[in-house]
Amino acid sequence: MSNLAYDATTDSDAASENEIAAMSELRPVPRISIQAFCETESVASPIERAAADRRMSKAHLKVHMGGIGTAIDFYHSAQTPNLIIVESRDEPKQLVAELHRLAEVCDPSSKVVVVGHYNDVWLYRELIRFGISEYVVAPISMADIVSVISSIFVDPQAEPLGKSIAFIGAKGGVGSSTVAHNVAWSMSTLFSSEVLVADLDLAFGTANINFDQDPAQGIAEAVFSPERIDETYLDRLLAQCAERLSLLAAPSMLDRTYDFDAEAFTQIIDVAQRSTPLLVLDVPHVWNGWTKNVLTQADQVVITATPELANLRNTKNLMDTLRKLRPNDGPPKLVINQAGVPKRPEISAADFADPLELEPMAVIPFDPALFGNAANNGRMLSEMDAQHAIVKTINEVAHVLTGRSEIKSKKKPGLGDLLERLKLKK
């Protein structure tokens, strides 16, 4: 019996756009144990890929090569997990007989999913009557597997989870927090949607200043008392910034050090997503276990960068790493900020985006007066000048991140454009 090794980063196994779309609708799978027994690599491979997906991060999944017979031998001396997935190429009656043998060595509480090679209505009805949780006909995709597991172990009556959007800067000082806070404000005002901003920079966070808040409690109380975190406790820690905008503020003090393990913010984020439709995570520019985990688990990631070489290098590194950590999600979104600083040599937006193979979601020009006045007054940009072009760009970002619109691609001038101009001149 051998375990299947799989590299989730290989191009041939990259998630398709259809799979990414299907996966985006699925809720995370709870902490369960799963063992799969596969006869073919074409079934084993998508199951292994599913194991690497962020929605399966709490589940423990192991794949064995070998079908129902291998599973029967294995469970003669091993405890059965919460879920067993078995592949069988047997014809229907033989398959049912094999499953009877498997039932003799399985705990009655274990769920079983069968991946078969016969599209047979009689077989499906017989298996469901026998107590099989689901019968799936090969070939299968990674999304099929996660969807089946989710349908068995996630309560269909559960409230929908809020969408988490993590903002991080390619370097310090590029304005990632400012972009995050203003986008959150736009989401809450444009769409009349409840939005929660969580400032994860406990030492130097600026959300309390930007929103002109001075709460007595905030995210520090939650992260240092994980055993107390529930929706009621979290609600007591929130500062109300506007009618539909709440803030989980950072203390922004250096009276203690803020060293956390990789899962430190997981429970806070889980609870927050159950209580609000949109969760904006303001992630500091550091790279450690917990920031890596937050960025891996977020529904969307936004990288803010200024058009300089070091920012391009860091953005490329972040993009490449996150594509490996999130193989079944779309790439991070890119915001180019502070473009057009006088006398500063810059990389054009097109040249910045080219090695990233990514269209920027927005290019925000350098405007020290607008941003400086807003920051000094503890106001959002739209409160200072709702008709400003930068405010309209921020609003477009809010539309893209909530799925209300798509990134507008910038057409490169070509021969067709030149001919069009010549016609107009005639």
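The structure contained in this document is the topic of the report that follows. (Residues numbered from 1 in each chain as written. Predicted model: local features only at pLDDT ≥ 70, side-chain atom pairs only at ≥ 80, totals over all residues. Heavy atoms only, no water.)

**Examining the sheet that holds strand β3 (residues 83-88)**
Within a sheet, neighbouring strands are paired by backbone hydrogen bonds and run either parallel or antiparallel to one another.
For step 1, the next point in the chain: Spatial strand order, β2-β1-β3-β4-β5: five strands in an open sheet with parallel pairing. Looking at which strands have only one partner, the edges of the open sheet turn out to be β2 (60-65) and β5 (134-137). Ignoring strand direction, the axes of neighbouring strands in this sheet form an average angle of 15°.
For step 2, the next point in the chain: Across six bridges, the pairing between strand β1 (residues 33-38) and β2 is parallel. (Pairing = 2+ DSSP bridges. Helix = DSSP H or I, 4+ residues; strand = E, 2+ residues; numbered from the N terminus. Axes fitted to C-alpha atoms, helices over the stretch in contact; angles between N-to-C directions.)

**Description of the sheet that holds strand β6 (residues 163-169)**
For step 1, the next point in the chain: Taken in spatial order, the eight strands of this open sheet run β8-β9-β7-β10-β6-β11-β12-β13, and their pairing is mixed. On the outer flanks of this sheet lie β8 (239-242) and β13 (362-365), each paired with one strand and no other. Across this sheet, the average inter-strand angle for adjacent strands is 20°, counted without regard to direction.
For step 2, the next point in the chain: Pairing geometry for strand β7 (residues 195-199) and strand β10 (residues 278-282), over five bridges, is parallel. The residue of β10 that forms the bridge with Val-195 is Leu-278.
For step 3, the next point in the chain: Packing against the sheet, helix α7 (residues 176-190) makes contact with β6, β7, β8, β9 (245-248), β10, β11 (300-305), β12 (333-339) and β13, and its axis sits at approximately 155° to β6.
For step 4, the next point in the chain: Across the face of the sheet, helix α13 (residues 309-325) comes into contact with β6, β11 and β12 while running at roughly 170° to β11. (Contact = heavy atoms within 4.5 Å.)

**Re the nonpolar core**
For step 1, the next point in the chain: If you look at the biggest cluster of nonpolar residues, it comprises 44 residues, and the most contacted ones within it are Leu-200, Phe-265, Ile-268 and Leu-281.
For step 2, the next point in the chain: Beyond its immediate stretch of four places on either side in the chain, Phe-265 contacts Leu-200, Leu-202, Ile-219, Val-223, Phe-260, Trp-290 and Val-294. (Core = buried A, V, L, I, M, F, W, Y, C linked by side-chain atoms within 4.5 Å. Buried < 20%, exposed > 50% of the residue type's maximum accessible area, 1.4 Å probe, protein only.)

**Considering the pairing of β10**
For step 1, the next point in the chain: Of all five residues in β10, five are buried, a share of seventy percent or more.
For step 2, the next point in the chain: For β6 and β10, the ladder comprises five bridges, and the chain directions are parallel. Across the sheet, the residue bridging to Lys-163 is Leu-278, located in β10.

**Focus: the side chain of Asn-314**
For step 1, the next point in the chain: Counting through the fold element by element, Asn-314 comes out in helix α13.
For step 2, the next point in the chain: Classification of Asn-314 as buried rests on a relative accessible area of 14%.
For step 3, the next point in the chain: With near-sequence residues (within four places) excluded, Asn-314 lies in contact with Ala-170, Lys-171 and His-285.

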